[in-house]
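Below, each chain spelled out in residue letters.
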Amino acid sequence: FFFLPSTMATLAAFRLASRRIGSATVARSTGIARGRWMSSYPPHELVGMPSLSPTMEAGTIAKWNLAEGEEFAAGDVLCEVETDKATVDFEAQDDGFLARILADAGPTEITCGEPIMITVEEGDDVGAFKDYVVEASAAPAEPAAPAAPAATPPPAPAAAAPVTPPLAAAAPPAAATGDRVVASPLAHTLAKEMGFGPLSALNIVGTGPGGRIIADDVREYVPAAAGAAEAAAPATAPGAAAVATPAAPPVPGIGYTDYPLSPAAMEIAAQLSHSKQNVPHYYLTVDVALDSLLETRKQLNAMLNLGEDDAGIAVNDLMVKAAAAAMKAVPSANASWMDTAVRVYDSVDVNFVVGSGDALYSPVIRDAGRRGVKSISDDIKASVAQLEPSEEGEAAMPTGDEFGAVGTVTVMNMGMYGVKACAPIIREPQAVALALGAIENRIVPNDDADSEEIYKESVMLTATLSCDHRVVDGAVGAQWLSAFKSHVENPTTLLL
């Protein structure tokens with residue numbers, strides 16, 4: 001998408017910065033490259049990459065709309081500049097001619113202030129710049145290139161620090177301190193596609209100019225906690241390794257106690273903070289009757305010839321299946337926001353949340369939409385069994401791949417804590433999250449036309465759906481909740 005009128009103020013400031021190079025000074029606020037008229041060149045303007053937002057440090061030229069030598073008028077779009085957030089039209093503020101293009105369109109990032117073109121007022125002056133070469137002094141961004149090799153050593157000092165090595169290795173990501181993550185648009189997209197979530201929640205050391213995170217950095221990224229665990233147990237999944245890393249012991253103070261977080265807890269906190277700040281959440285709530293579902297569960301368990309210690313199919317298992325069935329009924333919710341597109345998935349993979357605090361896990365049930373309730377129940381039991389502490393009381397160390405994977409929807413049951421309703425935070429790159437409240441007996445209007453009673457007692461719960469408004473609008477969210485309610489209140493549809 002493009003921002004046209006909204007960038008006029010910024011472009012006005014840019015116009016001040018790209019005034020004639022023969023002037024005594026050049027506006028410093030935008031970082032536009034400086035220059036001087038040379039006696040061998042006619043009057044011209046050396047235009048640098050503009051800073052089109054307060055946080056923009058670099059951008060790429062998506063397309064040039066003019067060729068060298070072409071004339072332009074005020075308001076014409078000279079080129080399209082792509083930042084990490086949007087593609088913006090760069091409009092001319094005066095009439096003139098494009099004498100020379102100094103930066104070709106393509107994926108190469110250009111630091112703000114680095115020269116990108118030369119403009120002149122007279123068409124006859126265009127030919128003088130055919131072989132123009134930018135002076136080193138006019139390109140302030142070039143000296144930043146040697147920063148690339150200097151960007152890789154930092155992990156070594158952290159590991160060699162004599163004071164509490166585990167805490168040094170568990171340093172929170174830069175975004176958690178309020179610093180902006182500088183990365184290419186492709187790097188942001190790859191992080192989402194590879195299931196890492198937002199870059200601000202990751203400890204990635206950029207190898208691009210000035211420490212910028214590039215696509216290769218994301219491809220080669222291994223979560224710090226997972227990398228440490230792999231050295232001791234190569235067969236351990238990345239997600240399981242992260243949760244297995246213990247936190248440091250409490251640190252008492254005067255009137256308080258600090259409880260250091262594990263790397264996994266810090267990563268989850270950073271991801272949820274980023275999601276809450278950047279994803280436009282909205283919430284839909286519906287009350288669901290469970291009478292028919294409980295009767296169906298009773299019948300299914302009666303046919304399974306369960307042992308004494310086997311609880312059989314649980315209500316939670318049926319809820320996971322109902323959520324998967326609702327995703328199949330409304331496939332546009334089974335999607336992710338990819339900045340420039342909405343990606344709709346073919347398979348419904350459900351993350352279900354268990355545990356709390358540092359022992360919080362969300363294993364995934366693969367392809368739940370095409371599987372039977374018994375198969376889903378068996379997978380959930382197997383995942384939960386891995387979280388049981390050992391006979392010696394040691395914390396669980398799950399090893400399955402399902403503990404590190406991100407599905408297409410998350411289901412959490414808050415009813416075990418007596419919570420009636422909950423508005424969950426969406427886990428990127430998912431577009432929806434479902435929270436279930438406590439099961440309780442309620443007095444509701446009697447819908448039985450043959451009954452003389454006006455009211456009846458019914459077993460019910462409240463379900464709340466959090467939606468990403470960029471992917472799921474209000475109508476689609478309502479359709480999803482309606483489908484979920486229908487499957488729960490008519491549970492025989494879950495067996496189809």
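The rules behind the values
Residues numbered from 1 in each chain as written. Predicted model: local features only at pLDDT ≥ 70, side-chain atom pairs only at ≥ 80, totals over all residues. Heavy atoms only, no water. Helix = DSSP H or I, 4+ residues; strand = E, 2+ residues; numbered from the N terminus. Buried < 20%, exposed > 50% of the residue type's maximum accessible area, 1.4 Å probe, protein only. Areas by Shrake-Rupley, 256 points an atom, 1.4 Å probe, with all protein chains shown as cover. Pairing = 2+ DSSP bridges. Patch = residues over 30% accessible without salt bridge, like charges linked within 9 Å, V, L, I, M, F, W, Y side chains within 5 Å. Salt bridge = Lys/Arg side-chain N within 4 Å of Asp/Glu carboxyl O. Phe/Tyr/Trp six-rings, centres within 6.5 Å; stacked < 30°, edge-to-face > 60°. Expected span 1.5 Å × (residues − 1). Arc of directions from axis to C-beta. Contact = heavy atoms within 4.5 Å.

## Focus: the overall build of the chain
For step 1, the next point in the chain: Within the chain, the secondary structure is distributed over 13 helices and 20 strands.
For step 2, the next point in the chain: Residues counted as buried form 43% of the 496 residues belonging to the chain.
For step 3, the next point in the chain: When the accessible area of the chain is evaluated, it comes to approximately 25,000 Å², of which 56% is carbon and sulfur surface.

## A look at the sheet that holds strand S9 (residues 115–120)
For step 1, the next point in the chain: Across the sheet, which stays open at both edges, the four strands sit in the order S2-S9-S7-S4 with antiparallel pairing between neighbours. Every interior strand has two partners, whereas the edge strands, strand S2 (45–48) and strand S4 (71–72), have only one.
For step 2, the next point in the chain: When S2 meets S9, the two strands line up antiparallel, connected through four bridges. If you follow Leu-46 over to S9, its bridge partner there is Ile-118.

## Quick look at a nonpolar patch on the surface
For step 1, the next point in the chain: Side chains of Ile-268, Leu-272 and Ile-425 sit close together on the surface and give an oily, nonpolar patch of about 190 Å² of accessible area.
For step 2, the next point in the chain: Looking at where Ile-268 falls in the secondary structure, it is placed in helix H9 (residues 263–278).
For step 3, the next point in the chain: A relative accessible area of 32% means that Ile-268 is categorised as partly exposed.

## Considerations on the pairing of strand S3 (residues 58–64)
For step 1, the next point in the chain: Counting buried positions along S3 yields five of seven residues, so the element is predominantly enclosed.
For step 2, the next point in the chain: Pairing geometry for S3 and strand S8 (residues 110–111), over two bridges, is antiparallel. Its bridge partner being in S8, Ala-58 is matched across the sheet by Thr-111.
For step 3, the next point in the chain: Inspection of the sheet shows S3 paired to strand S5 (residues 77–82) by four bridges, in the antiparallel sense. Each residue of the ladder has a partner; that of Thr-60, found in S5, is Glu-82.

## Describing the packing of aromatic side chains
Two descriptors summarise a pair of aromatic rings, namely the distance from one centre to the other and the angle between the planes of the rings.
For step 1, the next point in the chain: Inspection of the entire model under this criterion finds four aromatic pairs.
For step 2, the next point in the chain: Consider the rings of Tyr-41 and Phe-129, whose centres lie 5.2 Å apart with planes at 15°: the pair is stacked. A residue pair is termed long-range when its members are at least 10 positions apart, and Tyr-41 in the loop between helix H1 (8–17) and S2 and Phe-129 in the loop between S9 and helix H2 (147–150) qualify at 88 residues.
For step 3, the next point in the chain: For the ring pair Tyr-41 and Tyr-132, a centre distance of 5.0 Å and an interplane angle of 65° mean the geometry is edge-to-face.

## Section: the pairing of strand S20 (residues 455–468)
For step 1, the next point in the chain: Summarising burial for S20: 11 of the 14 residues are buried, a large majority.
For step 2, the next point in the chain: In terms of strand pairing, strand S12 (residues 281–289) meets S20 through nine bridges, oriented antiparallel. In the strand pairing of S20, Leu-284 is matched with Leu-465.
For step 3, the next point in the chain: Where strand S18 (residues 432–436) and S20 come together, five bridges link them in antiparallel fashion. Bridging from a neighbouring strand, Ala-435 pairs with Thr-464 of S20.
For step 4, the next point in the chain: Bridge analysis of strand S19 (residues 440–445) against S20 gives six bridges, and the strand direction is antiparallel.

## Some points on the pattern of salt bridges
For step 1, the next point in the chain: Under the defined criterion, the tally for this structure stands at 12 salt bridges.
For step 2, the next point in the chain: Between Asp-447 and Lys-456 there is a salt bridge, with its nearest N and O atoms 3.1 Å apart.
For step 3, the next point in the chain: With a relative accessible area of 65%, Asp-447 lands in the exposed category.
For step 4, the next point in the chain: With a shortest N-O distance of 2.9 Å, Arg-470 and Asp-468 are connected by a salt bridge.
For step 5, the next point in the chain: Salt bridges here are not isolated pairs; linked through shared partners, they connect Asp-287, Glu-440 and Arg-442.

## Some thoughts on helix H10 (residues 291–303)
For step 1, the next point in the chain: In this model H10 runs 19 Å from its N-terminal to its C-terminal C-alpha over 13 residues, within 8% of the 18 Å that 1.5 Å per residue would give.
For step 2, the next point in the chain: Restricting attention to buried positions, one finds in H10 the residues Leu-293, Thr-296, Leu-300 and Asn-301. Relative to the axis of H10, the buried residues are bounded by an arc of 130° and lie together on one face. Exposed residues pointing more than 90 degrees away from the buried face of H10 are listed as Lys-298 and Ala-302.
For step 3, the next point in the chain: Taken together, the buried residues of H10 touch helix H11 (315–329) and helix H13 (474–489).
For step 4, the next point in the chain: Positive backbone phi, at 50°, marks Asn-305, one or two positions downstream of H10.

The quantities given are spatial measurements derived from coordinates; they are silent on function.
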